[in-house]
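An overview of the molecular structure
So you can see what is in the structure, the chains are spelled out below.
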Amino acid sequence: MLRFGYDIGGTNIAAGILDENKHLIEKGSMPFPRGRGTEAVIGVCTELYHMLLNCAQKTEAEIGGIGVAVPGSVNPQTGIVIDAHNLGFHHTPLQALLEAAVQKPVSLINDADAATLAEHRIGALCGTKTAMLITIGTGIGGGLILNGELFRGGRGNGTEPGHMVLHNGGRQCTCGIEGCAETYCSATRLAKDGGAFGCTSAKGTIHAAKAGNAEAKELFDCYVDDLGSYIVSIVNLLDPERIAIGGGVCGAGSFLLDPLRRNVEAKCFFETCPEIVVASAGNDAGIIGACLIVS
């Protein structure tokens, strides 16, 4: 049985076909039709579905089901996207709409949960019973593996690790709360604060710190300290075996990971700290995770 998966983002809708060995045999993407409504989104998804089947020389009969990853809160039982602000989805019956369009059973999942599932099945979290993926980008996302299974929230709402409060009364977050972890630990923080000395991106700030710029190095050290405090809070709560970190900041390699590991170890309550590794499923993690939820 083949599985089809979508990773719907605010910029692009990516999709792929997963075979029985968990290999993507075909993938592609199309621009998200911003401002054109849900009907246009379903239209793009349908076009991608038929295009990729044709490219892979597969028939609809070979597809056992479809998974959809979206950047927001979903109710997997009702198939409703409760809120996906970047997509303009609010209480949107995405499952029913897509099932009607492609005549296949559809399942929904949060995009960070999908990436976590992919890392656990084929990536950096393979073989763990308790682990976490943290994705560092414009914001902070991630997901949990508890007792060997993806944890989708005690009431099914998923998890929002970026909105743990790291500094009470701290920086204003886009969610409206002050001091959320993503205001201190995201790539946006490095870009925003780096603007004070001419760096307008996280990559630029990290490059300047590596090159010996004193202001950039001070900012980077502060960033690592905040990220370490955030991670160790998770460690002290869950005692995970492994934490995988994904996102563009991981391009810093050992320049980030070595001091981060030392920072977490120094603050960790337990005698033994978990492994901190780089996520390995890559940009296809959302598609793969969406495919993997198909029963």
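Residues numbered from 1 in each chain as written. Predicted model: local features only at pLDDT ≥ 70, side-chain atom pairs only at ≥ 80, totals over all residues. Heavy atoms only, no water.

1. As for the environment of Pro 31
For clarity, the threshold we go by: By the criteria applied, helices consist of DSSP H or I runs no shorter than four residues and strands consist of E runs no shorter than two, each listed in order from the N terminus. In this scheme, a residue with accessible area under 20% of its type's maximum is buried, one over 50% is exposed, and one in between is partly exposed, where area comes from a 1.4 Å probe on protein chains only. Whether two residues are in contact is decided by their heavy atoms, any of which lying within 4.5 Å being enough.
Residue placement: Pro 31 occurs in strand β3 (residues 24–31). By relative accessible area, which is 56% here, Pro 31 ends up exposed. Sequence separation between Pro 31 and Leu 48 is 17 residues, and the spatial gap between their C-alpha atoms is 11 Å. Every residue in contact with Pro 31, bar those within four places of it in the chain, is listed here: Thr 11, Asn 12 and Val 44.

2. Brief notes about the packing of aromatic side chains
Rule in force here: Only Phe, Tyr and Trp rings are paired, with Trp represented by its six-membered ring, and only when their centres lie within 6.5 Å; those with planes under 30 degrees apart are stacked, over 60 edge-to-face, the remainder tilted.
For the structure shown, the criterion picks out 5 aromatic pairs. With centroids separated by 5.0 Å and ring planes inclined at 75°, the aromatic side chains of Phe 4 and Tyr 49 adopt a geometry described as edge-to-face. Highlighted residues: Phe 4 in strand β1 (residues 2–8) and Tyr 49 in helix α1 (residues 38–56), separated in sequence by 45 residues. Tyr 49 shares its class with Phe 4; the two are buried. Between Phe 220 and Phe 255 the ring centres are 4.7 Å apart and the planes differ by 25°, which places this aromatic pair in the stacked class. Of this pair, Phe 220 sits in helix α7 (residues 214–238) while Phe 255 sits in helix α8 (residues 254–267), and the two are 35 residues apart along the sequence. Grouping aromatic residues by their ring pairs yields a cluster made of Phe 4, Tyr 6 and Tyr 49.

3. Some words on unusual backbone geometry
Its identity as a non-glycine residue notwithstanding, Lys 22 has a phi of 65°, on the positive side. With respect to the element layout, Lys 22 can be found in the loop between β2 (12–18) and β3. Phi at His 91 takes a positive value of approximately 50°, unusual for a residue other than glycine. The topology assignment puts His 91 in strand β7 (residues 89–92).

4. Details of the pairing of strand β8 (residues 106–110)
Heads up, the rule is: A strand pair is defined by DSSP finding two or more bridges across the two strands.
Burial within β8 is extensive, with 4 of its 5 residues counted as buried. In terms of strand pairing, strand β4 (residues 63–70) meets β8 through 5 bridges, oriented parallel. Residue Ala 69 lies in a different strand from β8, and its bridge partner there is Ile 109.

5. Description of the sheet that holds β4
The cut-off we apply is this: With axes taken as lines fitted to C-alpha atoms, and helix axes fitted only over the stretch in contact, angles between N-to-C directions fall between 0 and 180 degrees.
In spatial order, the strands read β3-β2-β1-β4-β8; together these 5 strands make up an open sheet with mixed pairing. Among the strands making up the open sheet, the edge pair consists of β3 and β8. On average, each strand axis in the sheet is inclined to that of its neighbour by 20°, with strand direction left out of account. Relative to the sheet, α1 contacts β1, β2, β3 and β4, its axis offset from that of β3 by approximately 145°. Along the sheet face, helix α9 (residues 285–292) touches β1, β2, β3, β4 and β8 and points at about 130° away from the line of β1.

6. A short note on the sheet that holds strand β5 (residues 73–75)
A sheet is described by the order of its strands in space; here 3 strands give the open sequence β5-β6-β7, paired in antiparallel fashion. Two strands bound the open sheet, and with one partner strand each, they are β5 and β7. Ignoring which end each strand starts from, the neighbouring axes of this sheet average 20° apart.

7. Regarding the packing of helix α5 (residues 187–194) against α7
Formally: Oblique is the label for every angle not falling under 35 degrees (roughly parallel), over 145 degrees (roughly antiparallel), or within 65 to 115 degrees (roughly perpendicular). Two helices cross in a left-handed way if the nearer one is turned anticlockwise from the farther one by less than a right angle. They cross in a right-handed way if the turn is clockwise. Polar here means any residue outside two lists: the nonpolar Ala, Val, Leu, Ile, Met, Phe, Trp, Tyr, Cys and Pro, and the charged Asp, Glu, Lys and Arg; Gly therefore counts as polar.
Running from amino to carboxyl end, α5 crosses α7 at an angle of 155°, the nearest separation of the two axes being 11 Å. Accordingly, the angle class assigned to the pair α5 and α7 is roughly antiparallel. As for how α5 packs across α7, the hand of that crossing is right-handed. Seen from α5, the contacting residues are Arg 189, Leu 190, Asp 193 and Gly 194; seen from α7, they are Leu 219, Cys 222, Tyr 223 and Asp 226. Per-class residue counts for the contact of α5 with α7 are 4 nonpolar, 1 polar and 3 charged.

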